[in-house]
Amino acid sequence: MDLQVTGLNGLEERVESALNRLGELQAGTRVQSDAFFSQPFMSDHTEFDSFAAFCEQSPWSLDDVSDVQGVSRDRLNEYIAATTDFETWEGMKTRAAEEELIDQIVP
């Protein structure tokens with residue numbers, strides 16, 4: 001049985017856009033923290049309703065994602081494990097990227 005599906009142009013464009021974004025993320029493109037760690041993401045996976053609140057309540061002086069890079073990985077991972085659904089900073093970033101890409105594909 002052959003099955004032909006038409007009307008997938010919009011999906012094809014969304015997948016192409018998501019693949020471009022995946023390449024950007026893998027290349028280390030700068031991100032806006034509140035866009036990358038969106039309010040729904042933060043509410044669903046952390047004790048905070050925004051990335052700004054995550055930074056403000058941390059034991060360090062953090063203003064943005066770039067400031068997080070300067071924190072000891074072990075101490076940061078302890079904070080992540082205590083206040084989020086994740087065990088590590090890498091796990092949190094990866095999940096945020098996955099959700100962003102899925103949101104681009106599935107409107």
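This is a predicted model, so every value here is computed, not measured.

A. Examining the packing of aromatic side chains more closely. All chains considered together, the criterion is met by eleven aromatic pairs. Measuring from centroid to centroid gives 5.9 Å for F37 and F41, while their planes differ by 50°, and the two rings are tilted. Each member of the pair F37 and F41 is classed as buried. Relative to Y79, the ring of F48 lies with its centre 6.3 Å away and its plane at 40°, an arrangement referred to as tilted. Within this pair, whereas F48 is found in the loop between helix 3 (39-45) and helix 4 (51-56), its partner Y79 is found in helix 6 (residues 73-83), the two being separated by 31 residues in sequence. What makes F48 buried here is its relative accessible area of 5%. Judged by relative accessible area, Y79 falls into the buried class, the value being 10%.

B. The pattern of salt bridges, seen in detail. A complete count under the given rule lists two salt bridges for this structure. For K93, the salt bridge is made with E90, and the minimal N-O distance between the two is 2.9 Å. Here K93 pairs with E90, and both are found in helix 7 (residues 89-105), just three residues apart, close to one helical turn. With relative accessibility at 23%, the residue K93 sits in the partly exposed group. Here E90 falls in the partly exposed class, since its relative accessible area comes to 46%. Measuring nitrogen to oxygen at the nearest pair gives 3.1 Å for the salt bridge that ties E99 to R95. Of this pair, E99 and R95 both sit in helix 7, four residues apart, which is roughly one turn of the helix.

Thresholds, definitions, all that
Residues numbered from 1 in each chain as written. Predicted model: local features only at pLDDT ≥ 70, side-chain atom pairs only at ≥ 80, totals over all residues. Heavy atoms only, no water. Phe/Tyr/Trp six-rings, centres within 6.5 Å; stacked < 30°, edge-to-face > 60°. Buried < 20%, exposed > 50% of the residue type's maximum accessible area, 1.4 Å probe, protein only. Helix = DSSP H or I, 4+ residues; strand = E, 2+ residues; numbered from the N terminus. Salt bridge = Lys/Arg side-chain N within 4 Å of Asp/Glu carboxyl O.

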